[in-house]
Amino acid sequence: MKNVEDEIIVERAVSRFKEGYVYSESILMTFAEARGIKCEHIPKIATGFAGGMGRSGSVCGALTGAIMALSLKYGRKKLNETEAYEKCITKSQELCMQFEKTCGSIYCRDLTRCNLTTTEGRRKFKEQQIREKVRAKIVGNSMRILLNTTRE
């Protein structure tokens, strides 16, 4: 039964992405909603991670959104919570490794094959419909990896 529930969550994240939310927003919003976490700062806190952090092509927003979501579950609330800190870091490493294995890279510029800092790169991104053809799949993969990583 868990797989059916997971796929509903995955589809919700993909749906949000298709509505226009960026990777990081889609992943974080959907995970928080699925876990009953309400915060007025979601999706706002995740917006700047678009395009590999401000379109820089760095770490993919689907991965950063997943790590933010993972931190909602495992992150520490107080400085001295070293056990929570270590668990969150370990889970984050696991998530990063699985993301790279599944998607081929953790970097937006590698996944899109576009330089989003330039007008030409953004035009190529739009003309080749990379958001529609490539990125929706990455949202789904990232959410599945997140759900597997947070399964106890």
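For the structure itself, look to the data block above.
Quick look at the structure, then. (Residues numbered from 1 in each chain as written. Predicted model: local features only at pLDDT ≥ 70, side-chain atom pairs only at ≥ 80, totals over all residues. Heavy atoms only, no water.)

### Description of the overall build of the protein
A tally of regular secondary structure across the protein gives seven helices and zero strands. From first element to last, N terminus to C terminus, the protein shows the α and β order α-α-α-α-α-α-α. Taking 2.2 N^0.38 as the reference for a compact globule, 152 residues should give roughly 15 Å; the C-alpha atoms of the protein span a radius of gyration of 15 Å, in line with that estimate. In terms of overall dimensions, the protein has C-alpha extents of about 45 × 35 × 30 Å along its principal axes. Sorting the 152 residues of the protein into buried and exposed places 41% on the buried side. Excluding contacts between residues fewer than 6 apart, the proportion of contacts in the protein whose partners are at least 24 apart in sequence is 64%. (Helix = DSSP H or I, 4+ residues; strand = E, 2+ residues; numbered from the N terminus. Rg over C-alpha atoms; globule rule 2.2 N^0.38 Å. Buried < 20%, exposed > 50% of the residue type's maximum accessible area, 1.4 Å probe, protein only. Contact = heavy atoms within 4.5 Å.)

### A short note on the environment of Val 139
Structurally, Val 139 can be placed in helix α7 (residues 130-149). You can call Val 139 buried: its relative accessible area is 0%. With 21 residues separating them in the primary sequence, Val 139 and Thr 118 have C-alpha atoms 24 Å apart. Beyond its immediate stretch of four places on either side in the chain, Val 139 contacts Ala 13, Val 14, Phe 17, Tyr 23 and Ile 27.

### Observations concerning the nonpolar core
Core analysis: the biggest nonpolar cluster contains 35 residues, and Phe 99, Ile 138, Met 143 and Leu 146 have the highest contact counts within it. The contacts of Ile 138, once residues within four sequence positions are left out, are Tyr 23, Cys 60, Ala 62, Phe 99, Cys 103 and Leu 111. In terms of nonpolar packing, the next biggest core, distinct from the first, is built from five residues, Cys 114, Leu 116, Phe 125 and Ile 130 among them. (Core = buried A, V, L, I, M, F, W, Y, C linked by side-chain atoms within 4.5 Å.)

### Concerning helix α2 (residues 23-34)
Over its 12 residues, α2 extends 17 Å from the first C-alpha to the last, a length consistent with the 16 Å expected when each residue adds 1.5 Å. Of all 12 residues making up α2, 10 are buried, and the element is well covered by its neighbours. Among the residues of α2, Tyr 23, Ser 24, Glu 25, Ser 26, Ile 27, Leu 28, Met 29, Thr 30, Phe 31 and Ala 32 are the ones counted as buried. Downstream of α2 by one or two residues, Gly 36 has phi in the positive range, about 70 degrees. (Expected span 1.5 Å × (residues − 1).)

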